[in-house]
Amino acid sequence: MGLTVAPVGAWFLAWIALAPLWVLINKETTQLAGKRRKFLLLPLFWGIGYHGLALFWITGIHPMDWLGVPWLASLAITTFCLTFVTLWGAAIVVVWAALMVRFAGKQPLLRVLIGTAIWCVLEGIWSAGDLWWSSLSYTQSPHNLVILHLGQLAGPSAVTAAIVAVNGLIAEAWIHRKDKKIYANQYLAIATGLFITLHIIGFSLYSIPLSKPADKALKVGIVQGNIPNIIKLKPEGLRRAIAGYTNGYLTLADQGVDAVLTPEGALPFFQRDLGTTPIISAVKEKGVVAWIGAFGEQGRSYTNSLFTYTGNGEVVSRYDKTKLVPLGEYIPFEEILGKLIQRLSPLDEHQVHGSPNQIFDTPFGRAIAGICYDSAFSAQFRRQAAAGGQFILSSSNDAHYTAAMPFQHHAQDIMRAIETDRWSVRATNTGYSGFIDPHGKTLWISGYNTYEIHSETIYKRQTQTLYVRWGDWLTPLLLISSSAAWLVNWKIQRAVED
């Protein structure tokens, strides 16, 4: 399963990669009966394999010499981070396996229903926290755009449910391949039929033409500054940022764009200091709107923010990054862990979360904003779309990881564009920046570790997908239906035993 995402991208393996674990759990449960602690090593190793491979890009933060962290200390922090996020993700698989043993029973189709419901519930619980990235659903992005359109119906859980159900049916076919009382091929037939049917549904959504009315057109430019983190906060880095983003803005303004988007922390200054920078002078000269990534203030703390500067150089709106990276941007339970882990933030002040209920109004109407890690949390984008957001602005840094991370990040933004049925503009520091249409097609993507400026025309949209209107209705439905089916099956078994 870990090979399904960047850098390998073998997305098709997701449809069979869970089946072996399903089979082994059933086998070990049957054979060991009372010795269930041992079999929990199976889901633990599977979870480590998936999340460890998928998140291995986090090792790119080492060495952290740009933050003044010694080499050995940097290695220790990096090892801790990789271990922690891997085990946190693997915990989903362990809990899922334990609940399967307790509730799934011996009826194959009921076991598939319950297994799918449990997995979706657990992903929902994990994604409600601060540490989340590798849902099973994102194994299909960016390659299988057809199945990703199920996200328009119920969000990421629809794609996750499809993957788990197909794997479960394949596993049940293998488990019962020698059972003469059960025709095992029927489960393969159901799995094949489900796989095809879900892709047909996705294709029908994927095939809906995109309207491009002239009065909704918006020509947006991006500047990818390519300022390595190792120099980002040094005088050389500051000079390059000021020159690169100012010149990029001027070039795009002369090309006739309506607005320019810059990456997360493009100009590492507080808002109070931005007014005297050359880029704001350029905004006043050209009169073209600029969305600038910088730092905001919140009492004695600071926020990672995106500011809307209008043609007169005034700030008319601000979005503060909502989801901060645990350990990287803040320390959970800092009173306890703060003494053990050196804070990785380059500033002395404490970074704080933005409000979860923000709206981001611009001169072109309401937008959906996301800064870096926000992209992994679909509910943040759904809420803003439901509140009237007409297009997506995604601003990120991504400079201190391996190339797999920004490609996975691009894959997350593709899912958010499809789920909300919105055009998306993605600006990053070192790549990959891009433009995405509501069907998830990448209209343009930047190079990696390159300075780039580019513009595309996007279109404001006010449609509302079923997911935007109703949220994740599928997970509660699966939970209720599986619980009811389990209860009925339990009563039948009790009646037979009596």
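Cut-off values and rules
- Residues numbered from 1 in each chain as written.
- Predicted model: local features only at pLDDT ≥ 70, side-chain atom pairs only at ≥ 80, totals over all residues.
- Heavy atoms only, no water.
- Helix = DSSP H or I, 4+ residues; strand = E, 2+ residues; numbered from the N terminus.
- Rg over C-alpha atoms; globule rule 2.2 N^0.38 Å.
- Buried < 20%, exposed > 50% of the residue type's maximum accessible area, 1.4 Å probe, protein only.
- Contact = heavy atoms within 4.5 Å.
- Areas by Shrake-Rupley, 256 points an atom, 1.4 Å probe, with all protein chains shown as cover.
- Lys, Arg positive; Asp, Glu negative; His and termini not counted.
- Charge placed at Lys NZ, Arg CZ, Asp CG, Glu CD.
- Patch = residues over 30% accessible without salt bridge, like charges linked within 9 Å, V, L, I, M, F, W, Y side chains within 5 Å.
- Salt bridge = Lys/Arg side-chain N within 4 Å of Asp/Glu carboxyl O.
- pLDDT = per-residue confidence, 0-100.
- Pairing = 2+ DSSP bridges.
- Axes fitted to C-alpha atoms, helices over the stretch in contact; angles between N-to-C directions.
- Parallel < 35°, antiparallel > 145°, perpendicular 65-115°, else oblique.
- Left-handed = near helix turned anticlockwise from the far one by under 90°.
- Nonpolar A, V, L, I, M, F, W, Y, C, P; charged D, E, K, R; others polar.
- Disulfide = S-S within 2.5 Å.

**Quick word on the overall build of the protein**
Then, in step 1: Helix and strand counts for the protein come out as 18 helices and 12 strands.
Then, in step 2: Relative to the globule expectation of 23 Å for 498 residues, the C-alpha radius of gyration of the protein, 24 Å, shows essentially globular dimensions.
Then, in step 3: Dimensions of the protein along its principal axes, counting C-alpha atoms only, are 85 × 55 × 35 Å.
Then, in step 4: Relative to its full complement of 498 residues, the protein shows a buried share of 55%.
Then, in step 5: Intrachain contacts of the protein at a sequence separation of at least 6 include 72% that bridge at least 24 residues.
Then, in step 6: On the protein, roughly 20800 Å² of surface is accessible, and the fraction owed to carbon and sulfur atoms is 62%.
Then, in step 7: Of the side chains in the protein, 40 bear a positive and 33 a negative charge, and the two mean positions are spaced by 9 Å.

**Things to note about a nonpolar patch on the surface**
Then, in step 1: Taken together, the side chains of Leu41, Phe45, Ile48 and Leu87 present a nonpolar region at the surface, about 370 Å² in accessible area.
Then, in step 2: Broken down by element, the nonpolar patch gets its largest block of residues, 3 residues, from helix H3 (residues 41-54).

**Notes on the confidence of the model for the protein**
Regions with low pLDDT should not have their predicted coordinates read in detail.
Then, in step 1: Mean pLDDT over the protein: 91, with 93% of residues reaching 70 or higher.
Then, in step 2: Low pLDDT, under 50, characterises residues 335-349; the predicted model gives this stretch 31 contacts beyond four residues in sequence or across chains.

**Here we look at the sheet that holds strand S4 (residues 301-309)**
Then, in step 1: Ordered in space as S5-S4-S3-S2-S1-S12, the 6 strands form an open sheet in which the pairing is mixed. Each end of this open sheet is capped by a strand with a single partner; those strands are strand S5 (315-320) and strand S12 (452-459). The mean angle between the axes of side-by-side strands here comes to 35 degrees, regardless of whether they run parallel or antiparallel.
Then, in step 2: In this sheet, strand S2 (residues 259-261) lies alongside strand S1 (residues 217-224) in parallel orientation, the contact comprising 3 bridges. Note that in S2 the partner of isoleucine 222 across the bridge is leucine 261.
Then, in step 3: Lying over the sheet, helix H11 (residues 235-254) contacts S1, S2, strand S3 (289-298) and S12, oriented at roughly 150 degrees with respect to S1.

**Regarding the packing of helix H8 (residues 156-175) against helix H9 (residues 185-206)**
Then, in step 1: At their nearest, the axes of H8 and H9 sit 8 Å apart, and the two run at 160 degrees to each other. With respect to their mutual orientation, H8 and H9 come out roughly antiparallel. Classified by chirality, the crossing of H9 by H8 is left-handed. Residues Ala162, Ala165, Val166, Leu169, Ile170, Glu172 and Ala173 of H8 lie in contact with H9, whose contacting residues are Tyr187, Leu188, Ile190, Ala191, Leu194, Phe195 and Leu198.
Then, in step 2: Its residues assigned to classes, the contact of H8 with H9 comprises 13 nonpolar, no polar and 1 charged.

**Description of the pairing of S4**
Then, in step 1: Of all 9 residues in S4, 9 are buried; the element is thus mostly enclosed.
Then, in step 2: Because side chains alternate across S4, one face comprises the buried residues Ser301, Thr303, Ser305, Phe307 and Tyr309, and the other comprises Tyr302, Asn304, Leu306 and Thr308, equally buried.
Then, in step 3: Relative to S4, S3 runs antiparallel, the two sharing 9 bridges. Bridging from a neighbouring strand, isoleucine 292 pairs with phenylalanine 307 of S4.
Then, in step 4: The turn joining S3 and S4, which pair antiparallel and follow one another in sequence, is formed by 2 residues; a positive phi near 65 degrees is taken by glycine 299.
Then, in step 5: Of the pairings in the sheet, the one linking S4 to S5 comprises 5 bridges and is antiparallel in character. Bridged to threonine 308 within S5 is serine 317.
Then, in step 6: Counting the residues that bridge the hairpin from S4 to S5 gives 5 residues, and of these glycine 313 lies at a positive phi of roughly 80 degrees.

**A look at the side chain of histidine 51**
Then, in step 1: In this fold, histidine 51 is placed in helix H3.
Then, in step 2: Ignoring anything within four residues of it in the chain, the contact list for histidine 51 reads Thr86, Gly89, Ala90 and Ser134.

**What about the pairing of strand S11 (residues 442-445)?**
Then, in step 1: Here 3 bridges tie strand S10 (residues 434-436) to S11, and the two strands are oriented antiparallel to one another. The residue of S11 that forms the bridge with phenylalanine 435 is tryptophan 444.
Then, in step 2: What sits between the antiparallel neighbours S10 and S11 is a turn of 5 residues, in which glycine 440 has the positive phi angle 85 degrees.

**Considering the state of the cysteines**
Simply put, disulfide is the name for a covalent bond between the sulfur atoms of two cysteines.
Then, in step 1: As enumerated under the stated definition, the model contains 0 disulfides in all.
Then, in step 2: Looking at the unpaired cysteine 81, the closest cysteine sulfur is the one in cysteine 372, lying at 14 Å.
Then, in step 3: In this structure cysteine 81 comes out as buried when scored by relative accessible area, which is 7%.

**Brief notes about the environment of isoleucine 16**
Then, in step 1: Assignment of secondary structure puts isoleucine 16 in the segment before helix H1 (19-32).
Then, in step 2: The exposure class of isoleucine 16 is partly exposed, given its relative accessible area of 47%.
Then, in step 3: Residues isoleucine 16 and phenylalanine 39, 23 residues apart in the sequence, show an inter-C-alpha distance of 21 Å.

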